[in-house]
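For reference, the chains in residue letters:
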Amino acid sequence: MSNSPYIIIAEPAPIIFEGLAAILVKSGLNPIVSKAANLEEIQQLQLKRKSNIIIISPSLIQNNLKLYNSLRNQFENIQWIGLLYAYYEPDLVSLFHATINISDKPEMIAAT
């Protein structure tokens, strides 16, 4: 099995997903990147292959906190990273292990 990190990007906007995936691939990390449209797809992907990192738009969890917290408990070894490109309440942002901002430089994103 590959030593490359397996990263799931849960983001509804195709242009943001494609841009972020390209940044990660060019970063030298050599990640395997999958797309999830929602929390249910994250769960399905996790059952097929365990991810190291999930980068997720807070918009996907703000009205589904129960399932999000369930997934965090079920998959304890995942780093959940919030992808911020709008204002979200601090209580929501605090649910992530880390965050990246849409305006971050590629080097900062890869380091997160």
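What counts as what
- Here the residue numbers are simple positions, counted from 1 along each chain's written sequence.
- Selection of residues for local features in this predicted model requires a pLDDT of at least 70, selection of side-chain atom pairs for listing and counting requires 80 or more, and totals for whole chains, interfaces and linings are taken over all residues.
- The basis for every side-chain value is the complete set of non-hydrogen atoms in the structure, without hydrogens or water.
- The numbering of helices and of strands both runs from the N terminus, where a helix is a DSSP run of H or I of at least 4 residues and a strand a run of E of at least 2.
- Just to be clear, the radius of gyration here is over C-alpha atoms, and the globule rule we use is 2.2 Å times residues to the power 0.38.
- Classification of residues uses two cut-offs on accessible area relative to the type maximum, computed with a 1.4 Å probe and protein chains only: under 20% is buried, over 50% is exposed, and between them is partly exposed.
- Contacts: residue pairs with any heavy atoms within 4.5 Å of one another.
- Residue burial considers only the protein chains on display, and all accessible areas are found by Shrake-Rupley using a 1.4 Å probe.
- We treat Lys and Arg as the positive residues and Asp and Glu as the negative residues; His and chain ends play no part in the count.
- We put the charge of a Lys on NZ, of an Arg on CZ, of an Asp on CG and of a Glu on CD.
- One requirement defines pairing of two strands: DSSP has to find at least two bridges between them.
- Only the contacting stretch of a helix is used when fitting its axis, a line to C-alpha atoms as for every element, and angles between N-to-C directions run 0 to 180 degrees.
- For this analysis, a nonpolar core means a set of buried residues of the types Ala, Val, Leu, Ile, Met, Phe, Trp, Tyr and Cys, connected via side-chain atoms within 4.5 Å.
- Read the arc as the range of directions from the helix axis to the C-beta atoms.

Colleague: Explain the overall build of the chain to me, and be specific about the residues and the numbers.
Modeller: For the chain, the count of helices and strands is 5 helices and 5 strands. Starting at the N terminus and walking to the C terminus, you meet the elements of the chain as β-α-β-α-β-α-β-α-β-α. The globule rule puts the C-alpha radius of gyration for 112 residues at 13 Å, and the 13 Å found for the chain is close to it. Seen through its C-alpha atoms, the chain measures out along the principal axes to roughly 35 × 35 × 25 Å. Expressed as a percentage of the 112 residues in the chain, the buried residues total 37%. Taking all contacts inside the chain whose residues are at least 6 apart in sequence as the whole, residues at least 24 apart take part in 69%. Put simply, the chain shows about 6500 Å² of open surface, and 53% of that area lies on carbon and sulfur atoms. Treating the 8 positive side-chain charges of the chain as one cloud and the 9 negative ones as another, the clouds have centres 8 Å apart.

Colleague: Describe the sheet that holds strand E5 (residues 98-101), naming the residues involved and giving the relevant values.
Modeller: Here we have 5 strands laid out as an open sheet, ordered E2-E1-E3-E4-E5, and parallel in their pairing. Unpaired on one side and paired on the other, strand E2 (32-36) and E5 mark the two borders of the sheet. Mean inter-strand twist for the sheet, computed between neighbouring axes without regard to direction, equals 25°. Strand direction decides the pairing type here: strand E3 (residues 53-56) and strand E4 (residues 79-84), joined by 4 bridges, are parallel. For Ile 54, the partnering residue across the bridge sits in E4 and is Trp 80. Seen against the sheet, helix H2 (residues 39-48) touches strand E1 (6-10), E2, E3 and E4 and runs at an angle of roughly 140° to E2.

Colleague: Could you give an account of the nonpolar core, with specific residues and numbers?
Modeller: By size, the foremost hydrophobic cluster in this structure holds 21 residues, and its most contacted members are Leu 39, Ile 42, Ile 56 and Trp 80. Elements that contribute at least two residues to this core include exactly E1, H2, E3, helix H3 (65-74) and E4. The residues contacting Ile 56, other than those within four sequence positions of it, are Ala 10, Leu 39, Ile 42, Ile 61, Trp 80, Ile 81, Gly 82, Leu 83 and Phe 96.

Colleague: Help me get a handle on H3, residues and values and all.
Modeller: Taken together, the buried positions of H3 are occupied by Leu 67, Tyr 68 and Leu 71. For H3, the angular spread of the buried residues around the axis is 100°, confining them to a single face. The outward face of H3, more than 90 degrees from its buried face, is lined by the exposed residues Lys 66 and Asn 73. In the core, the buried residues of H3 are packed alongside H2 and E4.

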